[in-house]
Amino acid sequence: MILTRRKGVVAAVAAALVLLAGVSVVLGVHRAARHDLERSLADQVTALLEKATPAEHHEHGHDFGEDAGRVVCAVEPFGFDPPDAREASQVRWVYARHMCAITGSGTNWAMSVRASGPIAVRLGGAPWVRVPEPGPGYPDRVREIVPERYHEEAFEEFADEGVIEAARERFERQQAAR
């Protein structure tokens, strides 16, 4: 009787471990898929921002000055709509932290003119970048362009310093090519 109970306990523990391992694998796959989606969205938004002219950046609220060179950006999404999208083609809006720097004569990354903060980017046929206007009331303007479920993330710093480092390296390569 005791031996049968032990076998039952061992079998139950083994089944629980198998179930836990299965859940861990599923969660890992889900996290990897979300990371891939966010990376794809970051690449799309980065390309959109970097291809924009200084005049277009001015329309977004960025003023890079008269001696504007190339725009180099770091982008880190913190949300998107619809929130249950599984593929980049399903995403209509991306909410991200960004930092854009402008190359210029004799400017290094540390001394470059930069703009940063949360943005909302509509993807699709006519992409649209929404940047909250700086100055008094800025937090309220951020909350106007970012859904409530992402308000906390909108005010956080970049979570992955590698994103900024990659932009800095692209910036330095652009400067060296000038």
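A brief report on the enclosed structure follows. Note that this is a predicted model, so its numbers are computed, not measured.

Rules behind the numbers
- Residues numbered from 1 in each chain as written.
- Predicted model: local features only at pLDDT ≥ 70, side-chain atom pairs only at ≥ 80, totals over all residues.
- Heavy atoms only, no water.
- Helix = DSSP H or I, 4+ residues; strand = E, 2+ residues; numbered from the N terminus.
- Contact = heavy atoms within 4.5 Å.
- Areas by Shrake-Rupley, 256 points an atom, 1.4 Å probe, with all protein chains shown as cover.
- Salt bridge = Lys/Arg side-chain N within 4 Å of Asp/Glu carboxyl O.
- Buried < 20%, exposed > 50% of the residue type's maximum accessible area, 1.4 Å probe, protein only.
- Core = buried A, V, L, I, M, F, W, Y, C linked by side-chain atoms within 4.5 Å.
- Pairing = 2+ DSSP bridges.
- Axes fitted to C-alpha atoms, helices over the stretch in contact; angles between N-to-C directions.
- Expected span 1.5 Å × (residues − 1).
- Arc of directions from axis to C-beta.
- Polar contact = N/O pair within 3.5 Å; in protein donor to acceptor, adjacent residues only side chain to side chain.
- Disulfide = S-S within 2.5 Å.

With respect to the overall build of the protein
Here comes step 1: A tally of helices and strands in the protein yields five helices and four strands.
Here comes step 2: Residue pairs at least 24 apart in sequence account for 64% of intrachain contacts in the protein once pairs closer than 6 positions are excluded.
Here comes step 3: Total accessible area computed for the protein in this model is approximately 10900 Å², and 57% of it derives from carbon and sulfur atoms.

Quick notes on the pattern of salt bridges
Here comes step 1: For the structure shown, the criterion picks out six salt bridges.
Here comes step 2: A salt bridge links Arg-170 to Glu-50; the nearest nitrogen and oxygen atoms lie 2.5 Å apart. One end of the pair, Arg-170, is in helix α5 (residues 161–177); the other, Glu-50, is in helix α1 (residues 2–51), and 120 residues separate them in sequence.
Here comes step 3: You can call Arg-170 partly exposed: its relative accessible area is 24%.

Looking at the nonpolar core
Generally speaking, a soluble globular protein has its nonpolar side chains buried in company with each other.
Here comes step 1: One finds Leu-41, Val-45, Leu-49, Val-91 and Val-94 to be the most contacted residues of the largest nonpolar core, which totals 20 residues.
Here comes step 2: Only α1, β1 (71–81), β2 (93–102) and β3 (113–122) provide two or more residues apiece to this core.
Here comes step 3: If you tally residues by element for this core, the top one is α1, at five residues.
Here comes step 4: For Val-91, the contacting residues outside a window of four places in its chain are Leu-37, Leu-41, Phe-80, Asp-81, Pro-82, Ala-85 and Leu-123.
Here comes step 5: The next biggest cluster of nonpolar side chains, apart from the first, holds 10 residues, and it includes Val-72, Trp-109, Ile-164 and Ala-167.

Comments concerning unusual backbone geometry
Here comes step 1: For the bond from Asp-81 to Pro-82, the omega torsion is -5°, close enough to zero to count as cis.
Here comes step 2: Of note, Pro-82 is situated in the loop between β1 and β2.

A few points about the environment of Ile-164
Here comes step 1: Mapped onto the fold, Ile-164 is located in helix α5.
Here comes step 2: Judged by relative accessible area, Ile-164 falls into the buried class, the value being 14%.
Here comes step 3: In this structure the C-alpha to C-alpha distance between Ile-164 and Cys-100, which are 64 residues apart in sequence, comes to 9.6 Å.
Here comes step 4: Discounting chain neighbours no more than four positions away, the residues touching Ile-164 are Ala-74, Met-99, Trp-109 and Phe-158.

Remarks on the sheet that holds β1
Here comes step 1: On the basis of which strands lie adjacent, the open sheet formed by four strands has the order β1-β2-β3-β4 and antiparallel pairing. Two strands in the sheet have a free side with no partner beyond their single neighbour: β1 and β4 (128–130). Strand after strand, the sheet turns through a mean of 30° between neighbouring axes, direction not considered.
Here comes step 2: With 10 bridges joining them, β2 and β3 adopt antiparallel strand pairing.

A look at α5
Along an α-helix, residues three or four apart share an orientation, since each turn contains 3.6 residues.
Here comes step 1: With 17 residues, α5 extends 25 Å from end C-alpha to end C-alpha; this agrees with the ideal 24 Å at 1.5 Å per step.
Here comes step 2: Regarding α5, the residues found buried are Val-163, Ile-164, Ala-167, Phe-171 and Gln-175. Within α5, the buried residues cover an arc of 110° as seen down the axis, which keeps them to one side. For α5, the exposed residues lying more than 90 degrees away from the buried face are Arg-173, Ala-176 and Ala-177.
Here comes step 3: Among the residues of α5, the N-terminal cap falls to Asp-160, whose side-chain oxygen and the backbone nitrogen of Gly-162 are separated by 2.8 Å.

Regarding the state of the cysteines
Here comes step 1: Taken as a whole and assessed by the stated rule, the structure comprises one disulfide.
Here comes step 2: Here Cys-73 is linked by a disulfide to Cys-100, with a sulfur-sulfur distance of 2.1 Å. Judged by the sign of its S-S torsion, about 105°, the bond between Cys-73 and Cys-100 is right-handed. Residue Cys-73 is located in strand β1, and its partner Cys-100 is located in strand β2; the two are separated by 27 residues in the primary sequence.
Here comes step 3: Look at Cys-73 and you get buried, because its relative accessible area is 1%.

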